[in-house]
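Here are the chains, one letter per residue:
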Amino acid sequence: MIPASRLAPPLRASRPINLKTEPINGAKGIPLGNGQQLLSLRMAICQALDEEMRRDERIFVMGEEVAQYNGAYKVTKGLLDSFGPDRVIDTPITENGFAGLAVGAAMTGLRPVIEFMSWNFSFVAFDQIVSNASKMCYMTGGMFPIPLVMRGPNGAGPRVSSQHSHAVEALYSHFPGLIVVSPSTPYDAKGLLKTALRQDNPVCFLENEMLYGHEQDIPVAEYLIPFGVGDLKREGGDCTIVAINRCVHWALEAAETLAKEGISCEVVDPRTIKPLDIELIVESVRKTGRCVVVEECYRTGGVGAEIAAQLMELAFDDLDAPVERVTTTENPMPYAENLEHETLPKPHRIIAAVKKACSR
Amino acid sequence: MIPASRLAPPLRASRPINLKTEPINGAKGIPLGNGQQLLSLRMAICQALDEEMRRDERIFVMGEEVAQYNGAYKVTKGLLDSFGPDRVIDTPITENGFAGLAVGAAMTGLRPVIEFMSWNFSFVAFDQIVSNASKMCYMTGGMFPIPLVMRGPNGAGPRVSSQHSHAVEALYSHFPGLIVVSPSTPYDAKGLLKTALRQDNPVCFLENEMLYGHEQDIPVAEYLIPFGVGDLKREGGDCTIVAINRCVHWALEAAETLAKEGISCEVVDPRTIKPLDIELIVESVRKTGRCVVVEECYRTGGVGAEIAAQLMELAFDDLDAPVERVTTTENPMPYAENLEHETLPKPHRIIAAVKKACSR
Amino acid sequence: MSPAKSRESTRQAGELPERERAAIRAEIGRERLLAMYRQMVLIRRFEERAEVLSGQFREGTRIKKIAGFLHLYIGQEAVQTGFRAHLDPARDATVTTYRCHGLALLVGIPPNELMAELFGKVTGNVRGKGGSMHFFSKEKLMLGGHGIVGGQIPIGTGAAFSAKYRKTGGVSVTFMGDGAVPQGTFHESLNMAGLWKLPAIYVVENNQYAMGTSCHRGVAVESIAAAKAPGYDMPSFTYDGLDLLASWKTAGQAVAAARGGQPVLVEAKTYRFRGHSASDAGLYRSKEEVDAYKKLDPIQRTRADIAAANWADDAAFDAVESEVAEIIAAAVAFADTSADPPSSDLSRHVYAEAAP
Amino acid sequence: MSPAKSRESTRQAGELPERERAAIRAEIGRERLLAMYRQMVLIRRFEERAEVLSGQFREGTRIKKIAGFLHLYIGQEAVQTGFRAHLDPARDATVTTYRCHGLALLVGIPPNELMAELFGKVTGNVRGKGGSMHFFSKEKLMLGGHGIVGGQIPIGTGAAFSAKYRKTGGVSVTFMGDGAVPQGTFHESLNMAGLWKLPAIYVVENNQYAMGTSCHRGVAVESIAAAKAPGYDMPSFTYDGLDLLASWKTAGQAVAAARGGQPVLVEAKTYRFRGHSASDAGLYRSKEEVDAYKKLDPIQRTRADIAAANWADDAAFDAVESEVAEIIAAAVAFADTSADPPSSDLSRHVYAEAAP
Ligand SMILES: Cc1ncc(C[n+]2csc(CCOP(=O)(O)OP(=O)(O)O)c2C)c(N)n1
Ligand SMILES: Cc1ncc(C[n+]2csc(CCOP(=O)(O)OP(=O)(O)O)c2C)c(N)n1
Ligand SMILES: [Mg+2]
Ligand SMILES: [Mg+2]
């Protein structure tokens, strides 16, 4: 059985958030007494940055609109005021340039955080991420580890079509040397980002614009969440749903519906894609015998493919049905509302996949 | 049973080739009579380019050193002489620029072939390949298909270490809109490149430096090989080895050794990774019950992961053992000879994987 | 190799004296000037309507038919209008950013198609697949509508390459924002164009901000075109992009140079009257600054020019407005009554349907 | 924003008159000049030996201890030698391309380590993981050894950023080939450096070829630094990179400017005496051309300078050669007798081992 401690604080339903009511300093949560605070995911990230920047002078934040504009999605709100223009730096639109600058800064004693206004724009910086950041430690025999956090929104935004809707979990987890984090809740985001800022590897920290306003009660006291430790977001016995980032919420919604029909789903949130807590997934699948992976990456070579392959290796005799993959369909994101809806791995598709897995 | 027609002309063992004895014009094979010619893989590519450029004026070849230098690896040898500097064009080192230029040219009536001196350098051009080439047709509702061939050597070269040794099959096949071709023989290379040059999608045509000198007798008469049709490179009954590009040769070597030990392997060469001839793989696995995928990509999210996931979906009850994945190990390529040897999916690792699969 | 000297012919921004204005007007002629005026009004009203329909702009009720990003060209119309007037639709290609409504209307894509695209309908310009940022026309050689800053610059360069390769005598005009200048693609493209003498025109629409980043915080030099063109063996032009006459005049020179095989770099000093996109609060610039620029509204100035020449009276201007209003009303009706794309469209066009 | 004017102080290539040479020599002084001469000889002999050991160079038998690419710095030694002389190893960072043997020796990485790296041994500079293209030193702030053309330019920029951030007073020197100039990274980096006034020096080692592509077929302008620096609000320097005295002099000015917060772009006109890498047949340049440049061998010219000043006699030069020969023999012996990396190294260093 999976220990109850793996269950994170309960999710709190997202409610519409009004930017203007968020505190001027995006890092300050709303105190709730009893050691808890209310934070949006946006603010959780900001708070992690704020706390770690106070703790470690080597950390700086750089990216397009992160300073004076407070971040295109207001994630870095207030950091410029708190830390000044030497540590919170607006850049020209020049992702490959500033990603490489960050690698150079990391090689010379600093701990850069760079924001991609969205991960779609990391494609311009792909070479610096892959050829330099991911390999430097290895190719220098350990001489130059690269403590670098690259962060920003990932996955589909609201109807922003082809060039603005990529989910890059699968893409970057293909490369040894990179760490890939993809949190689905404010609690996870804060704890994982703090961990990212205290270790020495290049981290792709993948947020989701659609979850920035998502709120949760989280502890005021400091905590860190280690990489490679997944989290049960729901317990269940009939089918394991492994879901990533925004898909966790869709999976929970689907699980809710399925529960009414008598199908009990366990929702596993790996939280970090590389390293991947395959033990937790295997443990769950040993129990349920069935697995559906839900992600925003494309199907071919998505995270689901890797999980399916590993499950085959590690739980060959435990699987009662093939691993189902619910992913972004195999097309660039279309703009039209109905097509966007069908492209994304939404609850109706998850439900169908679970039923298929369970019908076997 | 798999029809014998799927068996390509027999492989001919590679022998050391002396560049200086290759004809001045890289496109001209050595006639063997009876409608056959002897061609190295390098020359097969050159011949395909040569034939298609004669056939279609819209095709031009562009890249670093492709013209006056005859190609860094002499693949385009003689093309400048045959077609002149308007159609065979040396570029500055500016991969993102000329890849995007090619997209623009493809949108305005031309059919560009660009050479990446190696696919490692395509990372600089990643945005143009993914955000523009792969999406243009879709995002314009079919208005602007992109007939574009991107080609060059892929995978590990000879001891060239971290930044020069990537295999990109998995990377690019993740993206809808791209076609990924990875031929292992001169025969396949020529037929597939001709197909690539007559269709309207962006194609990643992945060659391998270590195979450029590999020779084969191939027909003088014109032939094309369609995308999505794999090829049996060896028949066998105990285990299916799906191998890509250079790994086909390692797989054949392993199969030879295993045959002596009484294990009969079938070697499937998918030839194109996207589209993937999963039917052929399934057909073979139905027969053998076992599958080992051999590729030069990294393990996490490699082509093997996708094949394993699809096999689980399509041949769940036929698999007697988990799909084994023999890949580049999860590290950037080291320079040291012994480490490079262990990093690559060489015969000794394939043999071990087949035995593991068969021991179950 | 040609010598590195720069055939500089920079024109600085600044109001042209009335005598020069009159001369340019005469060169343009009444019909063409009125036509350009009408085009600018069409763009303006089309976008004002789109803005309302995107529901971000409150006018009593909240109407939301248009989703996603909406980057308006309002304020900048004179730039592309001036350039388009010199182009031959049969052989000259154009390409721009996500701020592409103006160019799409200028090349002549029917407003119906464009509005339907904004609505995400199958009758849309790209079958509802692209939305606001991705307008295209194969027939008119308008190559987008691109979302990645700087991503379109190599594409425009490719169109110029193509024109030269096919010996059509065509040119390409690549529009970009000031924010795209620091991107690697700018540099890579201009170097190739300069090296190979492609018939390419690069127009930096310097509206002084890249989102919230003012140009002097993004680009190391004050005068982009003048400082950078010599580095690519190109001449440069810099002009007041809020002035249609200056735009037309400069565009003519730039197109002539490119047609003669000399790529050029042009900087149009302009301003956007709206936020970066519909969701931008615009706190980075003062109301005074915005108001000052609004006084230089290119449509108003063109109207004044036309009036100065006595080429139209108020009634004529009103007629333009009502004609345009009808076009837009029809476009909205068309979009509204059009169907969503069929779900079979989901997987269609991922790959090309047939060889040409 | 600072004005766009370029504080140009270009120096054109060309032999300095003897009076000026004498003055520079005096500035450098005997000890330093001899030390630089010795460094250049060390680089030259080290690489000549590596060339033999790579087995591409035939001298009777074929010896192959070194695999992969081998890009030799032979001919270009004066450039980095002149720069390194002005740097403070404790705070000034350097970074270069795959053509990195010279810089590694200059910053003081022990030849044993470097030769062992070429042999792929665990005692190598990066434990046999990098080979010829990837030499590094954390202690000496040498940030590589990079294989992707242009990929190191942002890294050097980051080192300058870091020096400014940490207020060390340090500068960074980024070396690159002429072939890297068209890459987007060049442009993006120089723009940031110009914008933020980073203490960065960019040195284009224009050896006139990028593999087989002569510079005028790759870069649109003749005079790279002079034409491009103004576009980044930087001054430029151009000098004869085959002349150590010119190199030392220019480097001093460039380092002083950068230390004062003014990034600079430097172009050293130089030449490589060998092929691009060991496998290059070099058909793109004539024997006459190569021979003409070999007459300008920077080591010979420096020797002549030293002799002209009467600062060393033949015996002293011979002593340098034999001292260097010993160092190299020792390095080869060390490399030869060192162990291969253990197989546990395969998966080591993919990730950092511990937080610092
Ligand atoms: C590579 C990339 N980085 C970031 C963005 C996000 N982004 C979209 S528009 C924009 C500002 C562009 O400004 P400018 O080029 O001046 O054009 P303008 O919007 O002023 O017309 C930014 C940062 C993007 N689309 N692409
Ligand atoms: C992005 C990229 N493209 C292509 C290459 C292959 N390549 C290696 S060196 C080289 C030529 C570089 O010439 P230059 O910058 O002048 O340096 P030099 O070798 O003359 O020192 C090329 C094309 C590469 N390593 N990286
Ligand atoms: Mg702008
Ligand atoms: Mg060079």
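From a predicted model like this one, the values you see are computed outputs, not experimental measurements.

**Q** Just checking my understanding: could you explain the overall build of chain A for this structure?
**A** Looking only at helices and strands, chain A features 12 helices and 15 strands. Summarising its shape, the C-alpha atoms of chain A cover approximately 60 × 50 × 45 Å along the three principal directions. In chain A, once contacts between residues fewer than 6 apart in sequence are set aside, the share between residues at least 24 apart is 80%. Entry remark: accessible area of chain A is about 9,600 Å², with carbon and sulfur atoms responsible for 52%. Distance from the positive charge centre (35 side chains) to the negative charge centre (45 side chains) of chain A: 2 Å.

**Q** What is the right way to read the site of ligand 2 from this model?
**A** In the neighbourhood of ligand 2, 21 residues make up the surrounding shell, with Glu95 of chain B together with Tyr98, Arg99, Gly147 and Asn207 of chain D lying closest. Between ligand 2 and Asn207 of chain D, the relevant distance is 2.7 Å, taken from an oxygen atom to a side-chain nitrogen or oxygen of the residue. Residue Tyr209 of chain D places a main-chain N or O atom 2.9 Å away from an oxygen atom belonging to ligand 2. Protein burial of ligand 2: of its 590 Å² of free accessible surface, 96% is covered by the chains.

**Q** Quick question: what am I supposed to make of the coordination of the magnesium ion (ligand 3) here?
**A** Octahedral metal centres with six donors ideally show angles of 90 or 180 degrees, and tetrahedral centres with four donors ideally show 109.5 degrees. Residues and elements named next belong to chain C. Protein coordination of the magnesium ion (ligand 3) is provided by Asp178 (OD), Asn207 (OD1) and Tyr209 (O), with donor distances spanning 2.0 to 2.1 Å. In primary-sequence terms, the residues that donate to the magnesium ion (ligand 3) follow D-x28-N-x1-Y. With Asp178 in the loop between strand 2 (172-177) and helix 7 (184-196) and Tyr209 in strand 4 (residues 209-210), the pair connects residues that are 31 residues apart, well separated along the chain. Considered together, Asp178 and Tyr209 belong to a single accessibility category, that of buried residues.

**Q** Please clarify how unusual backbone geometry should be interpreted in this entry.
**A** Residues apart from glycine generally show negative phi values, whereas peptide bonds are mostly found in trans. Put simply, Lys274 of chain A and Pro275 of chain A share a cis peptide bond, and its omega is 0°. Tracing the chain through its elements places Pro275 of chain A in the loop between strand 13 (272-274) and helix 9 (278-288). The omega torsion of the bond from Gly144 of chain C to Gly145 of chain C falls at 5°, within 30 degrees of zero and hence cis. Positionally, Gly145 of chain C belongs in the loop between helix 5 (111-118) and helix 6 (152-165). Despite not being glycine, Asn34 of chain A has its phi angle at roughly 35°, a positive value.

**Q** Looking at this structure, how should I read the site of ligand 1?
**A** Taken together, 22 residues sit near ligand 1, with Glu95 of chain A together with Tyr98, Arg99, Gly147 and Asn207 of chain C positioned nearest. This site is not confined to one chain, since residues near ligand 1 come from chains A and C. The separation between an oxygen atom of ligand 1 and a polar side-chain atom of Tyr98 of chain C is 2.8 Å. Backbone polar atom of Ala180 of chain C to an oxygen atom of ligand 1: 3.3 Å apart, as the coordinates give it. Taking 580 Å² as the accessible area of ligand 1 by itself, protein coverage stands at 96%.

**Q** Is there a simple way to explain the sheet that holds strand 11 (residues 239-243) of chain B in this structure?
**A** Across a sheet, strands are paired by hydrogen bonds formed along the backbone, either parallel or antiparallel in direction. All names here are of chain B. One open sheet holds the 5 strands; their spatial order is 10-12-11-14-15, and the pairing between them is mixed. This sheet does not close on itself; its edge strands, each paired only once, are strand 10 (231-234) and strand 15 (324-328). Looking at each pair of strands side by side, their axes are set apart by 25° on average, direction ignored. In terms of strand pairing, strand 14 (residues 291-298) meets strand 15 through 4 bridges, oriented parallel. Across the sheet, the residue bridging to Val294 is Val326, located in strand 15. Relative to the sheet, helix 10 (residues 303-315) contacts strand 11, strand 14 and strand 15, its axis offset from that of strand 14 by approximately 150°.

**Q** Looking at this model, I keep getting lost on the relation of the copies chain A and chain B. Mind explaining?
**A** There are two copies of the chain, and a rotation about an axis plus a shift along that axis relates them. Turning chain A through 180° and shifting it by 0.0 Å along the axis lays it on chain B, with an RMSD of 0.0 Å. Classification of the inter-copy transformation places it as that of a two-fold axis. When the interface residues of chain A are mapped onto chain B, 100% of them again lie at the interface, so the same face is used by both copies.

**Q** I would appreciate a short explanation of the coordination of the magnesium ion (ligand 4) in the present structure.
**A** Residues and elements named next belong to chain D. Bound to the magnesium ion (ligand 4) are the protein donor atoms Asp178 (OD), Asn207 (OD1) and Tyr209 (O), situated 2.1 Å from the metal. Positions of the donor residues of the magnesium ion (ligand 4) along the chain correspond to the pattern D-x28-N-x1-Y. Relative accessible area serves as the criterion here: at 4%, Asn207 is assigned to the buried category. Tyr209 gets classed as buried once you look at its relative accessible area, which sits at 10%.

**Q** What am I meant to see in the sheet that holds strand 13 (residues 272-274) of chain B here?
**A** Residue and element names in this part refer to chain B. Taken together, 7 strands build an open sheet; the order of strands is 4-3-5-6-8-7-13 and the sheet is mixed. Looking along the sheet, the strands with just one partner apiece sit at the ends: strand 4 (88-90) and strand 13. Each adjacent strand pair in this sheet contributes to an overall mean axis angle of 20°, direction not counted. The sheet contact formed by strand 7 (residues 179-181) and strand 13 spans 2 bridges and is antiparallel. Paired with Val180 across the strands is Lys274, a residue of strand 13.

**Q** Help me understand the side chain of Thr76 of chain B in this model?
**A** All names here are of chain B. Its place among the elements puts Thr76 in the loop between strand 3 (59-63) and helix 2 (79-83). Classification of Thr76 as buried rests on a relative accessible area of 0%. Side-chain polar atoms of Thr76 contact the backbone oxygen of Asn70, separated by 3.3 Å. From its side chain, Thr76 meets the backbone nitrogen of Gly71 in a polar contact 3.4 Å long. Ignoring anything within four residues of it in the chain, the contact list for Thr76 reads Cys46, Leu49, Val61, Val66, Asn70, Gly71, Glu115 and Arg151.

**Q** What exactly am I supposed to notice about the environment of Arg25 of chain C here?
**A** Residues and elements named next belong to chain C. Of note, Arg25 is situated in helix 1 (residues 18-28). Remark: the alpha-carbon pair of Arg25 and Leu245, spanning 220 residues in sequence, is separated by 7.2 Å. Those residues within four positions of Arg25 in sequence are excluded, and the remaining contacts are Glu18, Leu33, Leu245, Asp305, Ala308, Ala309 and Trp311. Of note is the side chain of Arg25, whose polar atom sits 2.7 Å from the side chain of Asp305.

The rules behind each value
Residues numbered from 1 in each chain as written. Chains lettered and ligands numbered in written order. Predicted model: local features only at pLDDT ≥ 70, side-chain atom pairs only at ≥ 80, totals over all residues. Heavy atoms only, no water. Helix = DSSP H or I, 4+ residues; strand = E, 2+ residues; numbered from the N terminus. Contact = heavy atoms within 4.5 Å. Areas by Shrake-Rupley, 256 points an atom, 1.4 Å probe, with all protein chains shown as cover. Lys, Arg positive; Asp, Glu negative; His and termini not counted. Charge placed at Lys NZ, Arg CZ, Asp CG, Glu CD. Near = heavy atom within 4 Å. Polar contact = N/O pair within 3.5 Å; in protein donor to acceptor, adjacent residues only side chain to side chain. Donors = N, O, S within 2.8 Å, 3.2 Å for Na, K, Ca; no water. Buried < 20%, exposed > 50% of the residue type's maximum accessible area, 1.4 Å probe, protein only. Pairing = 2+ DSSP bridges. Axes fitted to C-alpha atoms, helices over the stretch in contact; angles between N-to-C directions. Least-squares fit on C-alpha atoms with pLDDT ≥ 70 in both.

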